[in-house]
Amino acid sequence: MVSQQLFNKIFKSVDDTNDIPSFTKNVTEKHPYFGLAHFYSLKYSATEDSTYNIIAAKTALFFTSIFF
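About the cut-offs
Residues numbered from 1 in each chain as written. Predicted model: local features only at pLDDT ≥ 70, side-chain atom pairs only at ≥ 80, totals over all residues. Heavy atoms only, no water. Helix = DSSP H or I, 4+ residues; strand = E, 2+ residues; numbered from the N terminus. Contact = heavy atoms within 4.5 Å. Core = buried A, V, L, I, M, F, W, Y, C linked by side-chain atoms within 4.5 Å. Buried < 20%, exposed > 50% of the residue type's maximum accessible area, 1.4 Å probe, protein only. Salt bridge = Lys/Arg side-chain N within 4 Å of Asp/Glu carboxyl O.

**Q** Even after reading the chapter, I still don't get the side chain of serine 45, so can you show me in this structure?
**A** With respect to the secondary-structure elements, serine 45 resides in the loop between α3 (35–43) and α4 (52–60). Setting aside residues up to four positions removed in sequence, serine 45 forms contacts with Tyr52 and Ile55.

**Q** Whenever I open this one, the nonpolar core confuses me. Can you help?
**A** Here is a general trend for soluble globular proteins: nonpolar side chains tend to be buried in one another's company. Of all hydrophobic cores here, the largest spans eight residues; its members are Phe7, Phe11, Val14, Ile20, Phe23, Val27, Ala37 and Tyr40. Breaking this core down by element, the ones donating at least two residues are α2 (20–30) and α3. Top element by residues in this core is α2. It accounts for three residues. Each residue touching isoleucine 20, except ones within four places of it in the same chain, is listed here: Phe7, Val14 and Tyr44.

**Q** Please clarify how the pattern of salt bridges should be interpreted in this entry.
**A** If charged atoms from side chains of opposite charge come close, those side chains can pair. The tally for this structure, following the rule as stated, stands at one salt bridge. Close ionic contact of glutamate 29 with lysine 25 constitutes a salt bridge, the shortest N to O distance being 3.6 Å. Of the two residues, glutamate 29 and lysine 25 are both situated in helix α2; the distance of four residues between them amounts to about one turn of the helix.

Okay, here's the thing in structure tokens:
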């Protein structure tokens with residue numbers, strides 16, 4: 001719930017939830033260093049998508065793991 005509220009506050013121009021994956025893909029292409037956009041791109045992409053692993057690898061570059 002909090003994640004969705006944060007998404008709505010940052011990206012005010014998305015009205016249709018079906019359009020979120022393509023919207024976040026466009027944002028990450030225009031702003032490749034915007035880590036939160038990569039996070040939401042991964043969150044809203046389907047695990048069956050052929051580019052899911054690529055999106056996950058790019059997103060991992062922006063967030064550190066406490067387990068390392």
